[in-house]
Amino acid sequence: MTSKQFVTDHKERLVAELTSFLKLKSVSADPAYLSEMRLTAAFVLKSLQDAGVSTSEICDTAGHPIVYGEYIKDVSLPTVLVYGHYDVQPADPIELWDSDPFDPVIKPTEIHPEGAIFARGACDDKGQVYMHIKAVEYMIANDTLPCNVKFMIEGEEEVGSTNLAIFIKENSAKLKADIILVSDTSIIANDIPSITVGLRGLSYVEVEVTGPNRDLHSGVYGGTVANPINVLTKMIASLTDENERITLPGFYDNVKDVSEEDRAEMDKAPFDLDAYKQDLGIAAVSGELGYTTNERTSIRPALDVNGIWGGYTGEGAKTVLPSKAYAKISMRLVPNQDWKTITDLFVKHFEAIAPKSVSVKVTPHHGGQGSVVETNFDAYQAAAKAMEETFGTKPIPTRSGGSIPIIALFEEVLGLKSVLFGFGLNSDLIHSPNEHYGLFNYFKGIETIPLFYKYYTELKK
Ligand code: BES
Ligand code: MN
Ligand code: MN
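Residues numbered from 1 in each chain as written. Chains lettered and ligands numbered in written order. Predicted model: local features only at pLDDT ≥ 70, side-chain atom pairs only at ≥ 80, totals over all residues. Heavy atoms only, no water.

A. Expanded view of the overall build of the protein chain. Along the backbone of the protein chain there are 12 helices and 18 strands. Against the compact-globule benchmark of 23 Å for 461 residues, the protein chain has a radius of gyration of 23 Å, which places it among compact chains. Seen along its three principal axes, the alpha-carbon backbone of the protein chain occupies a region of about 80 × 50 × 45 Å. Every one of the 461 residues in the protein chain was classed for burial, and the buried ones make up 53%. For the protein chain, the share of sequence-separated contacts (at least 6 apart) that also reach a separation of at least 24 residues comes to 78%. Accessible area of the protein chain: about 20800 Å², with a carbon and sulfur share of 50%. (Helix = DSSP H or I, 4+ residues; strand = E, 2+ residues; numbered from the N terminus. Rg over C-alpha atoms; globule rule 2.2 N^0.38 Å. Buried < 20%, exposed > 50% of the residue type's maximum accessible area, 1.4 Å probe, protein only. Contact = heavy atoms within 4.5 Å. Areas by Shrake-Rupley, 256 points an atom, 1.4 Å probe, with all protein chains shown as cover.)

B. Examining unusual backbone geometry more closely. In this chain, Asp92 is followed by Pro93 through a cis amide linkage whose omega measures -5 degrees. Within the fold, Pro93 resides in the loop between strand E3 (79-85) and strand E4 (105-107). Here the residue pair Asp124 and Asp125 is connected by a cis peptide bond, since its omega of 0 degrees sits within 30 degrees of zero. For Asp125, the position within the fold is in helix H3 (residues 122-141). One non-glycine residue with positive phi stands out, namely Glu244, at about 60 degrees.

C. Broad picture of the sheet that holds strand E11 (residues 302-310). Ordered in space as E11-E12-E10-E13, the 4 strands form an open sheet in which the pairing is antiparallel. Every interior strand has two partners, whereas the edge strands, E11 and strand E13 (359-368), have only one. Between one strand axis and the next, the sheet turns by 15 degrees as a mean value, whatever way the strands run. Two elements, E11 and strand E12 (residues 324-333), share 8 bridges in a ladder whose sense is antiparallel. What sits directly across from Gly310, in E12, is Ala325. Across the sheet, helix H9 (residues 339-352) is in contact with strand E10 (201-210), E12 and E13; its angle to E13 comes to roughly 170 degrees. (Pairing = 2+ DSSP bridges. Axes fitted to C-alpha atoms, helices over the stretch in contact; angles between N-to-C directions.)

D. Fine view of the coordination of the manganese ion (ligand 3). Binding of the manganese ion (ligand 3) to the protein goes through Asp124 (OD), Glu158 (OE), Glu158 (OE) and His431 (NE2), at separations of 2.1 to 2.5 Å. In this structure, the manganese ion (ligand 3) is coordinated by 6 donor atoms arranged in irregular fashion, with angles at the metal of 55 to 156 degrees. One chain supplies every donor for the manganese ion (ligand 3), spaced along it as D-x33-E-x272-H. Residue class for Glu158 comes out buried when judged on its relative accessible area of 14%. Residue His431 is classed as partly exposed on the basis of its relative accessible area of 38%. (Donors = N, O, S within 2.8 Å, 3.2 Å for Na, K, Ca; no water. Tetrahedral: all angles 85-135°; square planar, octahedral: opposite > 155°, others 65-115°.)

E. Representation of the site of ligand 1 in the model. Ligand 1 sits among 16 residues. The nearest are Glu157, Asp184, Arg332, Ser403 and His431. Between ligand 1 and Glu157, the relevant distance is 2.6 Å, taken from an oxygen atom to a side-chain nitrogen or oxygen of the residue. Glu158 places a side-chain nitrogen or oxygen 3.2 Å from an oxygen atom of ligand 1. Here ligand 1, which alone exposes 530 Å², has 89% of that area covered by the protein. Taken together, the residues of the shell around ligand 1 sort by class into 4 nonpolar, 7 polar and 5 charged. Here the shell around ligand 1 gathers at least three residues from each of two domains, domain 1 (3-199 + 370-460) and domain 2 (201-255 + 301-368). (Near = heavy atom within 4 Å. Polar contact = N/O pair within 3.5 Å; in protein donor to acceptor, adjacent residues only side chain to side chain. Nonpolar A, V, L, I, M, F, W, Y, C, P; charged D, E, K, R; others polar. Domains from an automatic or database assignment.)

Structure (structure tokens):
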């Protein structure tokens, strides 16, 4: 039986099982969901066991558990290590969902006429993790698994993978493999397959600006005492210039210029700017001068305020000159920039530009390195061949703007390259209300993954 036939024969069950997985509220950021995280890890463990892996366990960490499983056919054969995450982003703002984020519903959309499953984590990353479990189930049941497989599914990707970083350092022997296979990225469109060959790095900081030692009457003091919100907004505004370049001294030092030839190659990927603007409801795009929209999200860094607060934000008007103002700021980095260096640079710069009238405190959150994946190696070729067969057209290598910091550590700590074999779409609303995953994409993944194993093992011989 082919993997395509397997999907056709089991469609209903494949959707029903994913639905059960998505009902579990595995929000890693919120301590209120601690026990639900454990239940979700147990669900993943049981799914691996049902798929037929020979060894499986829940690995406790200082945070949420990691689920590990393996099926070793023959130690002389290659080993694929599947990585993914069962944790999801918080569902907020809940009132913007058309249905309960943890009670999946299936509905067709314009892009997914055959239906999409709506739930938090549907695409990022439960739906994509589950494709791998089902693909391995198919291969074990049909005796077509050509090599060894290991699974490492974590519960802290959305909060920075700190404990996974420790786990891989302590378990490098257990994790011995030839390649890492990850589905946690997207393709260009359902008729334009692509394989991600670059991820951006990240530095995430929180800033606090303090003015007077208490909230003041904005009439009595307004005009004489620095308002921390006024100051903070000016400081933030100064972090980018009129060409949307980031002004931190030294920020671009390690940004590698991409050759004109490579830029021309990347520019071949289909992209419709009008459709992009229309989808987002914007009249114009904005970004660093001299670069295209795709370049701005892939080969160039970006600085964004993710949240800003302070003062009075309730109903009506309260006249107040606040004592404090806050913001959360992210910097998306390109592969050669070191996130710790950039974080230090930010702290120093932000302190340096603060006027005497306020004090500032910068608290770094998580971060991580970006990564680039070559296309001229066996695993990429195997992935491309698998996609070409199931989509009927060759996948395009693309760089993504998102971050999966553990990918760089896999290379650094385990010496392993990754194949970013994602099947989602950028329009699937990951991290947003109404996240969904196309059934076409889910089924296509289950159909395609076994072919990767086949071609990879053949190329390794
Ligand atoms: N799966 C995403 C990353 C992603 C999204 C890659 C789209 C490519 C395309 C991942 O779960 C994620 O959200 N990562 C975070 C970083 C993390 C350190 C919190 C991100 O990119 O914001
Ligand atoms: Mn993800
Ligand atoms: Mn995510």
